[in-house]
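Working through the structure, step by step
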Amino acid sequence: GHVLKQTGSMEQMIKSINALIADLRIATAALPLLIGMLTVPGGAILSAPMCGELGHRLNMPPARCAVANIWFRHVSYFMLPLFPSLILAAELSGAGVTTFIIYNFHLTVIGALAGFSFFFRGSSKASGDRPPAAKTRAGERPIAELLNFCQSILPLVTIMFLVIFFNLYFPLALLLGLLTAFLNYLPREGRGQVLLHRLKTMLLPGINIRIVLVIVGIMFYKEMLAYTRAVFHLTEFLLYLGIPLIFLILTLPFLIGMLTGDNSASVGIVFPLFLPLLPQGTGAYPAYLAFLYACSTAGHIISPAHPCFALTKEYFAVDIKEIIKLMLPLLLLVTLLAFFTTLFFGYF
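Residues numbered from 1 in each chain as written. Predicted model: local features only at pLDDT ≥ 70, side-chain atom pairs only at ≥ 80, totals over all residues. Heavy atoms only, no water.

1. Some thoughts on the side chain of asparagine 104
Mapped onto the elements of the fold, asparagine 104 is located in helix α7 (residues 97-119). Residue class for asparagine 104 comes out buried when judged on its relative accessible area of 2%. Polar side-chain contacts of asparagine 104 include one of 3.3 Å to the backbone oxygen of alanine 290. (Helix = DSSP H or I, 4+ residues; strand = E, 2+ residues; numbered from the N terminus. Buried < 20%, exposed > 50% of the residue type's maximum accessible area, 1.4 Å probe, protein only. Polar contact = N/O pair within 3.5 Å; in protein donor to acceptor, adjacent residues only side chain to side chain.)

2. Some words on the environment of isoleucine 110
Summarising the element assignment, isoleucine 110 is placed in helix α7. Between the alpha carbons of isoleucine 110 and valine 334 there is a distance of 7.6 Å; along the sequence they are 224 residues apart. Once residues lying within four places of it in the same chain are set aside, the contact partners of isoleucine 110 are Leu333 and Leu337. (Contact = heavy atoms within 4.5 Å.)

3. Points about the nonpolar core
Judged by nonpolar contacts, the single largest core of 84 residues is most densely connected at Ile17, Trp71, Phe100, Phe119, Phe271, Tyr293 and Met327. When residues of this core are assigned to their parent elements, the largest contribution, 10 residues, is made by helix α16 (residues 285-301). In this structure, phenylalanine 119 is in contact with Met60, Arg64, Val67, Ala68, Trp71, Phe72 and Leu330, ignoring residues within four places of it in sequence. If you look at the next biggest cluster of nonpolar residues, it comprises 6 residues, including Val40, Leu162, Val163 and Phe170. (Core = buried A, V, L, I, M, F, W, Y, C linked by side-chain atoms within 4.5 Å.)

4. Structural notes on the confidence of the model for the chain
Within the chain, residue pLDDT values average 85, and 93% of them lie at 70 or more. When the criterion is pLDDT under 50, residues 131-139 qualifies, and its contacts beyond four places in sequence or with other chains add up to 8 contacts. (pLDDT = per-residue confidence, 0-100.)

5. As for the packing of helix α3 (residues 24-35) against helix α5 (residues 62-74)
Contact geometry for α3 and α5: axes closest at 7 Å, N-to-C directions at 50 degrees. The orientation of α3 with respect to α5, classified from their angle, is oblique. Of the two possible hands of crossing, α3 and α5 adopt the one that is right-handed. Contacts from Ala29, Pro32, Leu33 and Ile35 of α3 reach α5 at Ala68, Asn69, Phe72 and Arg73. (Axes fitted to C-alpha atoms, helices over the stretch in contact; angles between N-to-C directions. Parallel < 35°, antiparallel > 145°, perpendicular 65-115°, else oblique. Left-handed = near helix turned anticlockwise from the far one by under 90°.)

6. A few points about α7
Taking 1.5 Å per residue as the helical rise, α7 with its 23 residues ought to reach 33 Å, and the 30 Å between its terminal C-alpha atoms agrees with that figure. Where α7 bends most, at asparagine 104, the angle is about 50 degrees. The set of residues buried in α7 consists of Thr99, Phe100, Tyr103, Asn104, Leu107, Thr108, Gly111, Ala114, Gly115 and Phe119. (Expected span 1.5 Å × (residues − 1). Bend = angle between axes of the 7 residues up to and from the residue.)

7. Some thoughts on helix α13 (residues 230-239)
Working note: α-helix, 3.6 residues per turn, so residues spaced by three or four point in the same direction. Within α13, burial applies to Val231, Thr235 and Leu238. Along the long axis of α13, the arc covered by the buried residues comes to 70 degrees, so they all point the same way. (Arc of directions from axis to C-beta.)

8. Details of the packing of aromatic side chains
Tallied over the full model, the rule gives 15 aromatic pairs. When the centroid spacing of 5.1 Å and the interplanar angle of 40 degrees are considered together, the rings of phenylalanine 161 and phenylalanine 165 count as tilted. Here phenylalanine 161 and its partner phenylalanine 165 are both found in helix α9 (residues 154-166), 4 residues apart, which amounts to about one turn of the helix. Relative accessible area serves as the criterion here: at 42%, phenylalanine 161 is assigned to the partly exposed category. Judged by relative accessible area, which is 61%, phenylalanine 165 ranks as exposed. Seen from their ring centres, phenylalanine 247 and phenylalanine 339 are 5.6 Å apart, and the 45 degrees between their planes marks the pair as tilted. (Phe/Tyr/Trp six-rings, centres within 6.5 Å; stacked < 30°, edge-to-face > 60°.)

9. Considerations on the pattern of salt bridges
Taken as a whole and judged by the stated rule, the model has 3 salt bridges. A salt bridge links arginine 57 to glutamate 53, with the shortest nitrogen-to-oxygen separation between them at 3.9 Å. Of the two residues, arginine 57 and glutamate 53 are both situated in helix α4 (residues 44-57); the distance of 4 residues between them amounts to about one turn of the helix. Classification of arginine 57 as partly exposed rests on a relative accessible area of 26%. For glutamate 53, a relative accessible area of 23% translates into the label partly exposed. Here lysine 313 makes a salt bridge to glutamate 314, at a shortest N to O gap of 3.1 Å. (Salt bridge = Lys/Arg side-chain N within 4 Å of Asp/Glu carboxyl O.)

10. Observations concerning unusual backbone geometry
For asparagine 59, which is not glycine, the phi torsion reads 60 degrees and is therefore positive. Mapped onto the fold, asparagine 59 is located in the loop between α4 and α5. Residues other than glycine seldom take positive phi values, yet tyrosine 185 does so here, at roughly 60 degrees. With respect to the element layout, tyrosine 185 can be found in the loop between α10 (170-183) and α11 (191-202).

11. Some thoughts on a nonpolar patch on the surface
Taken together, the side chains of Tyr169, Leu172, Leu175, Leu176, Leu179 and Leu183 define a hydrophobic patch exposed on the protein surface, amounting to about 590 Å² of accessible area. Tracing the chain through its elements places leucine 172 in helix α10. For leucine 172, a relative accessible area of 39% corresponds to the partly exposed category. (Patch = residues over 30% accessible without salt bridge, like charges linked within 9 Å, V, L, I, M, F, W, Y side chains within 5 Å. Areas by Shrake-Rupley, 256 points an atom, 1.4 Å probe, with all protein chains shown as cover.)

12. Re the state of the cysteines
Applying the stated criterion across every chain, the model contains 0 disulfides. The thiol of cysteine 51 is unpaired, and the distance to the nearest cysteine sulfur, on cysteine 65, comes to 6.1 Å. Of all cysteine sulfurs in the structure, the one in cysteine 51 sits closest to cysteine 308, which takes part in no disulfide; the separation is 12 Å. Residue cysteine 308 is classed as buried on the basis of its relative accessible area of 2%. (Disulfide = S-S within 2.5 Å.)

What follows is the structure, encoded as structure tokens:
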């Protein structure tokens with residue numbers, strides 16, 4: 001994000017978006033949603049700079065920008081077939097990925113629409129400073145702006161392409177994306193000197209020690225959870241309380257997802273525990289599976305131990321309470337929607 005801003009990629013990206021899309025709210029939501037396809041821990045930090053810049057143009061406060069970045073990145077994870085946790089849930093249950101897509105598709109759609117209405121309330125449809133280029137002859141400037149946008153976003157596309165299509169180790173893909181960012185927008189003359197200047201002036205200033213410490217802290221916290229087996233003890237305690245199954249599914253996966261901050265770990269814990277308790281062989285069984293996964297995902301999204309949450313919080317320098325306060329109503333809406341969907345299929 002730092003290098004994109006310093007080399008001019010960020011400015012060009014925003015100008016092109018401003019020229020191509022009349023409603024900047026759509027762009028602010030779409031960028032984290034698209035980059036969310038890059039399902040790696042902490043990937044929200046890639047969309048945070050763009051989301052912040054567009055949010056600033058829409059006069060959104062930093063806390064709302066932060067939550068929009070987190071929410072639109074993850075709202076598709078309730079049914080995204082590329083998400084490792086959904087693939088794991090499908091494998092553990094033997095139900096297939098399609099089952100989770102069918103039963104949770106409406107959660108993503110309604111969650112995205114509700115988020116759009118909630119985050120951008122009071123924001124105008126577009127910034128008042130659209131460039132004159134956007135008003136020129138149709139078919140002339142849009143193509144040029146699209147090419148400009150593709151060049152500006154090339155470092156991010158490089159990372160996504162290498163990870164999704166070549167399954168390249170993410171830190172290595174990130175390094176190649178960083179190299180692409182350094183090489184982008186080099187002048188025709190004196191390229192070597194400019195590149196050397198960029199390496200000297202952009203590399204070290206772009207390293208945020210607080211974000212590094214956040215990641216170290218999260219990894220230490222997860223290791224401590226595994227070592228003390230705290231999550232397993234909590235699970236055993238709640239299972240023996242005699243709570244009705246549907247309410248147990250509503251609470252336990254959410255708590256484990258929130259405690260671990262890792263949806264794959266949460267799914268790996270709760271699915272083997274709940275599968276024998278679900279009404280297998282009935283029409284309600286797929287709905288229960290989707291509900292189990294949705295509750296785990298909801299807890300994962302709002303967890304302070306979730307790398308995307310922690311990194312976005314640090315980037316926008318906002319308080320955890322502000323993020324939770326803004327995100328909780330949306331998560332409650334989506335979770336309750338999944339709850340009543342499961343009740344419907346269980347009843348009929």
